[in-house]
Structures are given as C-alpha cells and as structure tokens.
Amino acid sequence: MKEFQSIIQAYDLYKSSGKKIALATVVHVDGSAYRRPGARMLVSEDGELTGAISGGCLEGDALRKAQSVIFKQKSMLVTYDTTDEDDQKFGVGLGCNGIIQVLIEPIDYSDELNSVNLLKMALSDRNVSTLVTIFSIKNSRSEQVGTVILSNNGISEGHLDKVDPVLLESILAQVNDRDSMGSLIKSYPEHDSVQVFYEKVKPPTRLLLFGAGNDTIPLSQLADILGFELILIDGRANQATKSRFPKAKTIILGTANEVVKNLEIDSQTVALLMTHNFEYECVVLEQLLQFPIPYIGILGPKKKSEKMIQRLESHGISIEKDNLYSPMGLDIGAEGSEEIALSILAEIKAVLAGKNGGFLKDKEGPIHEEIA
C-alpha cells in the first residue's frame, strides 16, 4: 500500500512539473519471482523511479523500455524469462527461475481516467475495489489495452470504450461476481487470447492505537513507513499531541466511554491497546468487541488479557477470542520499544495476509502463491 501512495505522490509532483512518465506493472508471473502481479513502478523521462517491480534486477532494463514507451507513447508488454540458466542474456541476472510479464503504459496527464488516476480513485475511499488490466502475451508485440477499468462499490468506470463489447460484458460479469474475493488472472482464448488481471485494491490498514506513551512512538513511526493510517486515542492531552505523533492522521482525546463511538471501523481496521491502564482498556475492549475487527492486540502478559476477559464475561459479555492477540506480536525475541513495534506490526501483517509468520526457508514452493 505504501508503494501505491508513493506512486500517486510522485505522479502529482511530475504532473506539476510537466515531466513525462510511464507506469510499469507486473501483470503475470509463472514460477518464482521477487514481486507478484500488482507490483508497480513509476518511471520518469529522466530516469527517476518510484516503486519497484523486482528486487532491483529488472529495474534497469525496465527503465530503458519505459523511456522508449514514453518516447513512442505506445504501451508494451515485456517478458523476462529466467527459467533459462543463462539468464544473463537478458542483462538482468535475475536467478529467480520464473517468467515475469511487465506491462508498461505511457501516462497522459490530460486523461482523467489514466491508469494512475484509476489507482488514485481506488484509494479515495475505504471500499475494496477492483482494477482491471487487459493484456495479451500471445500478441505481446502489439500495443496493449492496459489498465482501463475500476469497479468500486458496484460502479464500473474508466475507458470501457477501449474494450471489445463482448469481452466487456464478460469482464463486468466477472467483476460483479467477485466483489468479496481476491485477485484473479483469467484468459479469454475466444477474444484473441487476451488475459485480464482482476486486481483487488484494499484501503490502507487503519491502525487504532490506544496509548500515547513513549513506547508507542516507535510503533507510530514504523506504521507510517508501512503506509498505515494511524488514529491515536488517549485520555492524556499532554501525551497525545501532534508534536509527539506527527504522522497520526487523527488524534482523539477522551475517556474510555467516549472515544470508541467517534471511530470509523471497517474490515481493514486493527486495534492496539497500549495505554498501560487496565480499567481504560477494559471499557475500550468491551466496545471494540461489537465490531468485526480482524485484529485486536493487547500489550502485556497473558494474565492481563485473561483477567480482562474474565471481567467482561462476568458482566454477561460473550467473547470470541479468534481476533484477540495477547501477548501481541511475533516471537522474535523483541527487547525495547522499537523491536516490540516490529514484532507487533509483523504479526498484524501476517494476520491480514492470512499467514502464520513462519520462516520462509521452511516454505515449499515459491515465496508468493500464484494468483489463480
């Protein structure tokens, strides 16, 4: 998500200066690769890069091809095949043993529905939306259709006129059928063998941070690096300040009974209880349990959370513990507030991605699961 935010910020900067740009997007991966479909990189005419489509191996070659796209104003699909042991012939030396398809599109600032603007529109609210990118591996030497449709909250917009009407009908039916599902790459052999990348774009993770003590400052800083939307909540006006938490989108001051009712909570919202105030957190936890929050972390020993749960259950409150994490954080031997912040945010990432947080060396197959 941080990558998307950085690309949009760079786009606005280039637009104001009139600098020509192109957008490179990984649209298909077969085998092992550093990045998965949806990875993006913005390239300026003078060689500035924002984002990444690999670990640094593809960027140099993709930069040269992107500059050609900018000059010709014609999109192209580039194939990097590293299944051959002699991948040095590509001048990139990937060694990833995979085939990566990268779509490179010129960006027209006058087009309000260009691919970056569609991405910007996808992140303009808290809805989960779908970006539709059309490309053809079979006809890779031909100009590509590109990222042309955004479906958000049941409404599809973009350059629908660039899509064959029969194919468009199939695409819109697919989008409407997959509102709550993940990304998908689908082939349409009956339409000149085009592929369509249906990419789910989720809003930034909203982090409800209850606690403005010194130990939460490193966590707020790391959350900003990751692109989280930080909402800071505390009852202490001298602690919860903009000078101490400059990256917080919102700071909410109030008692435990007041603060939760002022919050907007959705499926991409997580909460951390780090006030070091047992009574405050008991009241907050009772109210948070009314929402379908995928992750509620409680700082401190397990006995603390067990005591909180016992108190709430004694008041007749039924508690599902699947989304409660206490002690919160991955077991990485964290010491000190910076390492604890790393442990907590890594666990949040794992939970939201449906992962167990284990060692990649123990995983069989590619690092990234192949998109269906």
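It should be emphasised that the depicted structure is a prediction, and the values quoted were computed from it without experimental measurement.

1. Digging into the sheet that holds strand β5 (residues 98-106)
Inference 1: With antiparallel pairing, the five strands of this open sheet are ordered in space as β3-β2-β1-β5-β4. A strand with exactly one partner marks an edge of an open sheet, and here the two such strands are β3 (49-51) and β4 (76-81). The mean angle between the axes of side-by-side strands here comes to 25°, regardless of whether they run parallel or antiparallel.
Inference 2: The pairing of strand β1 (residues 21-31) with strand β2 (residues 40-44) spans five bridges and is classified as antiparallel. From the neighbouring strand, I21 faces β2, where its bridge partner is S44.
Inference 3: Against the sheet, helix α2 (residues 59-72) makes contact with β1, β2, β3, β4 and β5, and its axis sits at roughly 55° relative to β2, the strand it touches most.

2. Some details on the sheet that holds strand β8 (residues 155-158)
Inference 1: Within the open sheet, the five strands sit side by side as β8-β7-β6-β10-β9. Their pairing is antiparallel. The open sheet has two edge strands, β8 and β9 (184-188), and neither has a second partner. With direction set aside, neighbouring strand axes in the sheet form an average angle of 25°.
Inference 2: With seven bridges connecting them, strand β6 (residues 129-135) and strand β10 (residues 194-201) associate as antiparallel partners. Bridge pairing in β10 links V132 to Y198.
Inference 3: Contacting β6, β7 (146-152), β8 and β10, helix α3 (residues 115-122) crosses the sheet at an angle of about 20° to β7.

3. Some words on α2
Residues that lie three or four places apart on an α-helix share one face, since the helix turns once every 3.6 residues.
Inference 1: Over its 14 residues, α2 runs 20 Å from end to end, which matches the ideal 20 Å to within 8%, given 1.5 Å per residue.
Inference 2: Considered for burial, the residues of α2 that qualify are E59, D61, A62, L63, A66, V69 and I70.
Inference 3: Looking at the residues trailing α2, positive phi occurs at Q73, about 55°.

4. Observations concerning the pairing of β9
Inference 1: Across five bridges, the pairing between β9 and β10 is antiparallel. Bridging across to β10, Y188 finds its partner in V194.

5. Re helix α5 (residues 217-225)
Inference 1: Listing the buried residues of α5 in full gives I217, P218, L219, S220 and A223.
Inference 2: In the core, the buried residues of α5 are packed alongside β11 (206-210), β12 (229-234), β14 (269-273) and α9 (336-353).
Inference 3: Just downstream of α5 lies G227, where phi reads positive at about 85°.

6. Quick look at the packing of helix α1 (residues 2-17) against α3
Inference 1: Packing of α1 against α3 leaves a shortest axis separation of 10 Å and a crossing angle of 125°. Our classification of the angle between α1 and α3 gives oblique. Note that α1 runs across α3; the crossing there is left-handed. Residues F4, I8, Y11 and D12 of α1 form the contact with α3, whose participating residues are V116, N117, L119 and K120.

7. Section: the UniProt feature "domain: XdhC- CoxI" (unreviewed entry) in the protein
Inference 1: In this numbering, the UniProt entry assigns the feature "domain: XdhC- CoxI" (unreviewed entry) to residues 17-81.
Inference 2: In the segment residues 17-81, helix accounts for 23% and strand for 38%; the C-alpha atoms at its two ends are 36 Å apart.

Rules of the game
Residues numbered from 1 in each chain as written. Predicted model: local features only at pLDDT ≥ 70, side-chain atom pairs only at ≥ 80, totals over all residues. Heavy atoms only, no water. Pairing = 2+ DSSP bridges. Helix = DSSP H or I, 4+ residues; strand = E, 2+ residues; numbered from the N terminus. Axes fitted to C-alpha atoms, helices over the stretch in contact; angles between N-to-C directions. Contact = heavy atoms within 4.5 Å. Expected span 1.5 Å × (residues − 1). Buried < 20%, exposed > 50% of the residue type's maximum accessible area, 1.4 Å probe, protein only. Parallel < 35°, antiparallel > 145°, perpendicular 65-115°, else oblique. Left-handed = near helix turned anticlockwise from the far one by under 90°. UniProt positions renumbered as here; feature names shortened; annotations may be inferred.

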